[in-house]
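Here's the letter readout for the chains.
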Amino acid sequence: NYYPICNDTENHMAVHHHTDAGALTVLYQDDHVTSLQVYREKEDKWYFIPPCEDTFVINVGDMIQVWSNDVYKAPLHRVQANASHERYSAPFFYNP
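Looking now at the sheet that holds strand 4 (residues 36-40). Overall, antiparallel pairing links the 4 strands, which are arranged 2-7-4-5 in an open sheet. Only two strands of the sheet have a single neighbouring strand rather than two, namely strand 2 (13-18) and strand 5 (45-48). The mean angle between the axes of side-by-side strands here comes to 30 degrees, regardless of whether they run parallel or antiparallel. Strand direction decides the pairing type here: strand 2 and strand 7 (residues 77-80), joined by 3 bridges, are antiparallel. Residue pairing in the sheet places H18 in a bridge with H77 of strand 7.

What follows is the structure in structure tokens.
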């Protein structure tokens, strides 16, 4: 995915909040741009997930949440627009 620079980050999201529908998502994100956020319901707060060089982010999806009877929760997440850097990411969705 390509996310261009956005000068109005208060009114625009790169990707609106959602959970992933499938089983797992494997995400490779740009090493130099922090835009991915995850929501923690207990604190009612969004947290940035900083990229770590040469790593992947693994998200549990809705299927795993259902299969595990809510033992594993699909995280609510979003991508914040960035005013100073464009961003690239490469998701792989495992949807059996």
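Read on for the rest.
This next bit is on the confidence of the model for the chain. For the chain, per-residue confidence averages 93 on the pLDDT scale, and 100% of positions sit at 70 or higher. The lowest-confidence element of the chain is strand 1 (residues 2-3), averaging 88 in pLDDT; the highest-confidence one is helix 1 (residues 62-67), averaging 98.

The next point concerns the sheet that holds strand 1. One open sheet accounts for 4 strands, arranged 1-8-3-6; its pairing is antiparallel. Two strands bound the open sheet, and with one partner strand each, they are strand 1 and strand 6 (57-60). Across 2 bridges, the pairing between strand 1 and strand 8 (residues 87-94) is antiparallel. Note that in strand 8 the partner of Y2 across the bridge is Y88.

Size it by volume and the largest pocket reaches roughly 310 Å³. Together, V38, Y39, R40, E41, K42, K73, A74, P75 and L76 line the largest pocket. Here the second largest pocket defines a volume of roughly 180 Å³. Around the second largest pocket, the lining is made up of 15 residues, and of these Y3, H18, L27, H77 and P91 lie nearest the centre.

Let's shift gears to unusual backbone geometry. You will see that D44, though not glycine, has its phi angle at about 50 degrees, which is positive. A relative accessible area of 58% means that D44 is categorised as exposed.

Criteria and thresholds
Residues numbered from 1 in each chain as written. Predicted model: local features only at pLDDT ≥ 70, side-chain atom pairs only at ≥ 80, totals over all residues. Heavy atoms only, no water. Pairing = 2+ DSSP bridges. Helix = DSSP H or I, 4+ residues; strand = E, 2+ residues; numbered from the N terminus. Axes fitted to C-alpha atoms, helices over the stretch in contact; angles between N-to-C directions. pLDDT = per-residue confidence, 0-100. 1 Å grid on protein atoms, 1.4 Å probe; cavity = no way out; pocket = protein on both sides within 12 Å on 5 of 7 lines; lining within 4 Å. Points joined across faces, edges and corners; volume = space filled by probe spheres on them. Buried < 20%, exposed > 50% of the residue type's maximum accessible area, 1.4 Å probe, protein only.

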